[in-house]
Amino acid sequence: MSDLQIRDVRVILTEPDNIRLVIVKIETTEPELYGIGCATFTQRPTAVVSAVNDYLRPFLIGKNPADIEDIWQSSYVSSYWRNGPVLNNALSGVDQALWDIKGKLANMPVYDLFGGKARDAAAVYVHSTGDDLQEVEDRARAFIDQGFHYIRVQVATPGYATYGSRGAVADDSLQTGPRVITDRVTKFDSNTIYAHPGGIFEPRPYIKSALGLFEHIRATIGWDIEILHDVHERIPPIMGVDLAKEVEQYKLFFLEDLFAPEDNDYFRMVRQQTSTPIAMGELYNSPHEIIPMVKDRLLDFMRVHISQIGGLTPARKLAALCEAFNVRTAWHGPGDTSPVGHAANLMLDLNTINFGIQEYAIFQERTQEVFPGCPEVRGGYMWPNGKPGLGIDVDEELAAKYPFKERAFGGAWDTVRRADGGVVRP
Ligand SMILES: [Mg+2]
């Protein structure tokens, strides 16, 4: 196999269930030997396509796909400037596809290439959201009936936009906080103009509704399940410090994205004041953001999005770094992690002794059809299928039946604003 070469690098775009997925496929000079990887950056997918087609494809054709480390390192510096989400996702698509190929060559699942399994299956958490307390409770109970033990809970704040629930665009009649300025309008598409399409967010009403939700879940469902919550970086840092202390009594499994990455240093303050478990990392791109958080034990759960940092090659090294400091992994895994990305997450979940939890958005039927070998979830765990490589494939003919749909502003994340019109981190 020493003369094995990369014959082509192609991008597959598909949207079977309203999330734009980007997959990279690497073909080799060995007929039938190929690999696939996740390069999904759903807010900027066509930028990733350009990074692969215009730059990585010509750089990689003719190289030996066995040289994963050399290909990663040389591709990483081939742009000179590095560590952005576009280039890292493009690199991840290539990197995961190369691990897939290496597993197929070895006739082993990728977790065996990493050293083998440290557990049989990966515990997952699911999202229970609702417009009111009862709806969140009902959904959580339905998940518990299906065997899930870890549940992220998010509830709408009446009259305000709230991350993780359908929520409401500001409604004057429901507001309890500052009066909303509605002068600013945003053109959303050619026919409609909305005031604040992403909605109005105010921290105090949100914190009140979130604390009410934890109280409700503990009072009704009780203490036999683990509950998680995502702040989504929206509140002023000192209010975040206070929230982390307030939620200590509800014993969350973790509190996620309490601050934006720009405010990482506030985690030092949180650590001195509370033992609420801290999860952070889906917005990290660069080792410079991540390493201080791990070495100073400022977080309990590392939530990096594997394609966002460049694939399995850097992620397995990060997992090992986290092991040395007993930081657990909780790789980001919502719907905009493709099933290929989930298969990659699972390889590390199984191999890593300091695995904590795996986020999971239930795969819809059409998505499962497009990706044969989609990791199976039962009894609250994600299970490997034992097939060589990542154990997953993409049905290209079917994928082509779900082309990307047109979106306002190319599919940009909605702008969320404070009542006075100022922008809030999303
Ligand atoms: Mg999150």
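Keep in mind the model is a prediction, meaning the values are calculated, not measured.

Student: Quick rundown of the overall build of the protein? Include the residues and the values.
Tutor: Regarding its fold elements, the protein presents 13 helices and 17 strands. Summarising its shape, the C-alpha atoms of the protein cover approximately 70 × 50 × 40 Å along the three principal directions. Considering the protein as a whole, with its 426 residues, one finds that 48% of them fall into the buried category. Partitioning the contacts of the protein with sequence separation of at least 6, the portion at a separation of at least 24 is 71%.

Student: Go over the nonpolar core with me, naming the residues and quoting the values.
Tutor: Counting residues in each nonpolar core, the largest one holds 116 residues, and the members touching the most others are I23, V24, V94 and M347. When residues of this core are assigned to their parent elements, the largest contribution, nine residues, is made by helix α3 (residues 85–106). For I23, the residues in contact, after removing those within four places along its chain, are I12, I36, C38, A39, G93, S338, V340 and V394.

Student: Tell me about the pairing of strand β1 (residues 6–14), residues and numbers included.
Tutor: When β1 meets strand β2 (residues 21–28), the two strands line up antiparallel, connected through eight bridges. Looking across to β2, one finds that D8 is bridged to E27. Joining the antiparallel neighbours β1 and β2 is a turn of six residues, in which N18 adopts a positive phi near 70°.

Student: Tell me about the confidence of the model for the protein, and please be specific about residues and values.
Tutor: Looking at the protein as a whole, its pLDDT mean stands at 93, while 92% of the residues score no less than 70. In this model residues 187–195 is a low-confidence stretch, pLDDT under 50, and it forms 11 contacts with partners more than four residues away in sequence or in other chains.

Student: With reference to specific residues and values, describe helix α6 (residues 203–220).
Tutor: Each full turn of the α-helix corresponds to 3.6 residues, which orients residues three or four apart in the same direction. The first and last C-alpha atoms of α6 sit 26 Å apart over 18 residues, in line with the 26 Å expected at 1.5 Å per residue. Turning to α6, its buried residues are P205, Y206, S209, A210, L213 and I217. When α6 is viewed along its axis, its buried side chains cluster within an angular range of 130° and face the same direction. Buried residues belonging to α6 abut α5 (133–145), β5 (150–155) and β8 (226–230). Of the residues trailing α6, G222 is marked for its positive phi of about 105°.

Student: Now, about the sheet that holds strand β3 (residues 34–38): what can you tell me, with residues and values included?
Tutor: An order of β1-β2-β3 is seen for the three strands of this open sheet, with the pairing classed as antiparallel. Looking along the sheet, the strands with just one partner apiece sit at the ends: β1 and β3. On average, each strand axis in the sheet is tilted by 20° relative to the strand beside it, whichever way the strands run. With five bridges joining them, β2 and β3 adopt antiparallel strand pairing. The residue bridging K25 from the neighbouring strand is I36, located in β3. Helix α1 (residues 45–60) rests against β1 and β2 of the sheet, and its axis sits at about 175° to β1. Along the sheet face, helix α11 (residues 339–351) touches β2 and β3 and points at about 95° away from the line of β3.

Reading guide: rules and limits
- Residues numbered from 1 in each chain as written.
- Predicted model: local features only at pLDDT ≥ 70, side-chain atom pairs only at ≥ 80, totals over all residues.
- Helix = DSSP H or I, 4+ residues; strand = E, 2+ residues; numbered from the N terminus.
- Buried ≥ 20, exposed ≤ 12 C-beta atoms within 10 Å, placed from the backbone.
- Contact = placed C-beta atoms within 7 Å.
- Core = buried A, V, L, I, M, F, W, Y, C linked by C-beta atoms within 7 Å.
- Pairing = 2+ DSSP bridges.
- pLDDT = per-residue confidence, 0-100.
- Expected span 1.5 Å × (residues − 1).
- Arc of directions from axis to C-beta.
- Axes fitted to C-alpha atoms, helices over the stretch in contact; angles between N-to-C directions.

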